[in-house]
Structures are given as C-alpha cells and as structure tokens.
Protein chains: 2
Amino acid sequence: MSNQDPGVELCSSPMLREPLSAEQAADLARVFKAIGEPVRVRLVSLIASHAGGEACVCDLTGAFELSGPTISHHLKVLREAGVIEGERRGTWIYYRVRSATLHALSSVLLPAESGAVTA
Amino acid sequence: MSNQDPGVELCSSPMLREPLSAEQAADLARVFKAIGEPVRVRLVSLIASHAGGEACVCDLTGAFELSGPTISHHLKVLREAGVIEGERRGTWIYYRVRSATLHALSSVLLPAESGAVTA
C-alpha cells in the first residue's frame, strides 16, 4: 500500500505568479479540501509528530471522541488525496505523511519571489 | 473593507512538529476548506497574478463560465476566511491576496527542520 500512486501529481509552481489552469486548480483543490476539515488537520499533525513520524489507528483514536471506523474514514480521505500513505505491518496499518505532497502545497502558496520549495 | 479583521489568526508553527490543538486545527481547516474548491483556487491565482496584484469581479468573470453573483459568492468565502481582502474604489471592489495568510498556511505545511516562514 505504501507504493500506491494516489493519482495526484501536484505542480509546485507558485499559484500566485500566473493563473492556474482549470486542471491544476482541480488537483490542488482536491488536496486542500482533504485537509480542510478539523479532524483531518489534527490527524496529519498527530501522525507527523508521532514517534518515528508514523502512527496507526491505535495511536490516534485516543485524541478524539470518535469511533475507530470514523477515524479510518478520515485517514482514507487523506490517503486518497496523497497527503498520507499507509503500510501494513502485522495487524495494523502504519501511516506517515507524504512530505512531497505537503512541500508542493507549501510551495504553491508562496509568492514567486520567495522561490518554490522543490518537492 | 480592506481593514476588516477576518477573525482568523493563524498559528504559523509547523503542524508537523507537534500535535495541533482542536482550536488551531479548526482555524487551519477553515482556511484550507476555503481554498479547497477549484473555482476558489483559480480565483486566488487569478487575483494574485493580475496586474498590480489586484482584480475586481469585472476582471475575473471572463475566466469562468459562471455568473457574476456566483463569482461574488466565492470571493466572499475567500474574504471571510482571510485569504483575500477587498477595497471599494468607485463602482468596483478590488480584491488582493492576503500574503500573511498564505505565508502562514505555507509555513504550517513544512516540517520543523525547514523552519517556519514568518508571516
């Protein structure tokens, strides 16, 4: 599962320098929408800051008053958007943040003169 | 209108270093959600890359097959999230991107070792 291609190839050119195409905008909007939800923002933050930069559902449920399946649903949305990736080891799937995606998102939000962060 | 406070004070500490509080996550999710829509991503890009870094609805409608009121609705969502600000001059309201908001968003997406971009 860790090698799956989420189908999102983000352009990391700043969106502030020249108008995005409709297709570029749709790709970006999809990822911004995935993290545009309070539980999912917290999940990304929890996973990234967890020991070793990875966490399983068992590490995450304690932070929320939400059921395991609800947490798993949010993790699936993040995974499908390419924000996180998961790897099954034994009973659990361990999730980690896809740095390339977050770097690309970060870069497109900067003005051209700040220079793009290469993802 | 350009001086209005959109009520969003984003923390620019990387969300990847330590777990966000529920409140920080809600503030961030609100802004990500605002730009998590294809038309609104394109609007931000069009405004920022327009001559002088500002644009009125009259400059924007040509890029979409959408009515003026629909464009205005999307601009309102972006304004309320603090992504853009508007200033009335004569007949039109001229919108520009709020760089501080986009810098803060960009910073929180970077890992701690990349250093935060100060907004």
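Residues numbered from 1 in each chain as written. Chains lettered and ligands numbered in written order. Predicted model: local features only at pLDDT ≥ 70, side-chain atom pairs only at ≥ 80, totals over all residues. Heavy atoms only, no water.

For chain A, the name recorded in an unreviewed UniProt entry is Helix-turn-helix transcriptional regulator, with Saccharopolyspora montiporae as its organism.

*Asks:* Explanation requested: the interface of chain A and chain B in the structure shown.
*Replies:* How big an interface is tends to be expressed through the accessible area that disappears when the partners come together. Contacts between chain A and chain B engage 33 residues on the former and 33 residues on the latter. Buried area between chain A and chain B, summed over both chains or domains, comes out near 2700 Å², and the portion from carbon and sulfur atoms is 75%. Counting across the chain A and chain B interface gives zero salt bridges. Counting across the chain A and chain B interface gives seven residue pairs in polar contact (both at pLDDT 80 or more). Its residues placed into classes, the side of chain A that touches chain B shows 21 nonpolar, seven polar and five charged. (Contact = heavy atoms within 4.5 Å. Buried area = accessible area lost by both parts, 1.4 Å probe. Salt bridge = Lys/Arg side-chain N within 4 Å of Asp/Glu carboxyl O. Polar contact = N/O pair within 3.5 Å; in protein donor to acceptor, adjacent residues only side chain to side chain. Nonpolar A, V, L, I, M, F, W, Y, C, P; charged D, E, K, R; others polar.)

*Asks:* Would you mind showing me how to read the pairing of strand β2 (residues 84–89) of chain A here?
*Replies:* Regular strands show a simple pattern: their side chains alternate between the two faces of the sheet. Bridge count between β2(A) and strand β3 (residues 92–97) of chain A: six bridges; the pairing is antiparallel. Note that in β3(A) the partner of Ile84(A) across the bridge is Val97(A). (Pairing = 2+ DSSP bridges. Helix = DSSP H or I, 4+ residues; strand = E, 2+ residues; numbered from the N terminus.)

*Asks:* I keep staring at the relation of the copies chain A and chain B and nothing clicks. Help me out?
*Replies:* Copy one and copy two of the chain differ by a rotation about an axis and a translation along that axis. In the superposition of chain A on chain B (RMSD 0.0 Å, axial shift 0.0 Å), the rotation amounts to 180°. Taken together, the rotation and translation relating the two chain copies correspond to the operation of a two-fold axis. The C-alpha atom lying nearest the rotation axis in chain A is that of Ser106(A); the distance is 2.1 Å. Taken as a fraction of all interface residues of chain A, those also at the interface in chain B reach 100%, which identifies the copy contact as same-surface. (Least-squares fit on C-alpha atoms with pLDDT ≥ 70 in both.)

*Asks:* Can you help me understand the packing of helix α1 (residues 22–35) of chain A against helix α5 (residues 99–108) of chain A in this one?
*Replies:* All names here are of chain A. Contact geometry of α1 with α5 gives a least axis separation of 11 Å together with a crossing angle of 110°. Here α1 is positioned roughly perpendicular relative to α5, judged by the angle of their axes. Along its contact with α1, which presents Leu28, Val31, Phe32 and Ile35, the element α5 presents Thr101, Leu105 and Val108. The class makeup of the residues in the contact of α1 with α5 is six nonpolar, one polar and no charged. (Axes fitted to C-alpha atoms, helices over the stretch in contact; angles between N-to-C directions. Parallel < 35°, antiparallel > 145°, perpendicular 65-115°, else oblique.)

*Asks:* I would appreciate a short explanation of the packing of aromatic side chains in the present structure.
*Replies:* Note on aromatic pairs: each is described by the distance of the centres and the angle between the planes. Inspection of the entire model under this criterion finds one aromatic pair over all chains. Positioned above the aromatic ring of Tyr94(A), the side-chain terminus of Arg89(A) is 4.4 Å from the ring centre. (Phe/Tyr/Trp six-rings, centres within 6.5 Å; stacked < 30°, edge-to-face > 60°. Lys NZ or Arg CZ within 6 Å of the ring centre and 35° of its normal.)

*Asks:* What's the story with the sheet that holds β2(A) in this structure? I'm lost.
*Replies:* Hydrogen bonds between backbone groups are what pair the strands of a sheet, and the pairing can be parallel or antiparallel. Residues and elements named next belong to chain A. Strands sit in the order β1-β3-β2 across an open sheet of three strands; the sheet is antiparallel. The sheet is open, and its two borders are formed by β1 (54–56) and β2, each paired with just one other strand. Across this sheet, the average inter-strand angle for adjacent strands is 30°, counted without regard to direction. Relative to β3, β1 runs antiparallel, the two being bridged by three bridges. Note on β3: the bridge partner recorded for Cys56 is Tyr94.

*Asks:* Please clarify how the packing of helix α2 (residues 38–49) of chain A against helix α4 (residues 68–80) of chain A should be interpreted in this entry.
*Replies:* Two packed helices can be described by the angle between their axes and the distance between those axes. All names here are of chain A. Two elements in contact, α2 and α4, have axes whose closest approach is 10 Å; the angle formed by their N-to-C orientations is 80°. When the interaxial angle is binned, α2 and α4 end up roughly perpendicular. In this structure, α2 uses Val39, Arg40, Leu43, Val44 and Ile47 to contact α4, whose residues at the interface are Ile71, His74, Leu75, Val77 and Leu78. Across the contact of α2 with α4, the residue classes tally to eight nonpolar, one polar and one charged.

*Asks:* What is the right way to look at the state of the cysteines in this model?
*Replies:* Among covalent bonds in proteins, the disulfide is the one between the sulfur atoms of two cysteines. All names here are of chain A. Going through the model one piece at a time under the given rule, you end up with two disulfides over all chains. Between the sulfur of Cys56 and that of Cys58 lies a disulfide, 2.0 Å long from S to S. Because the torsion about its S-S bond is -40°, the bridge between Cys56 and Cys58 counts as left-handed. The class for Cys56 is buried, based on a relative accessible area of 1%. Assessed through its relative accessible area of 36%, Cys58 is described here as partly exposed. (Disulfide = S-S within 2.5 Å. Buried < 20%, exposed > 50% of the residue type's maximum accessible area, 1.4 Å probe, protein only.)

*Asks:* Looking at this structure, how should I read the sheet that holds strand β1 (residues 54–56) of chain B?
*Replies:* All names here are of chain B. The three strands lie next to each other as β1-β3-β2, forming an open sheet whose pairing is antiparallel. Lying at the two open borders of the sheet, with one neighbouring strand each, are β1 and β2 (84–89). Adjacent strand axes in the sheet meet at a mean angle of 30° when their direction is disregarded. Of the strands in this sheet, β1, β2 and β3 (92–97) touch helix α2 (residues 38–49), which is tilted by about 95° from β3.

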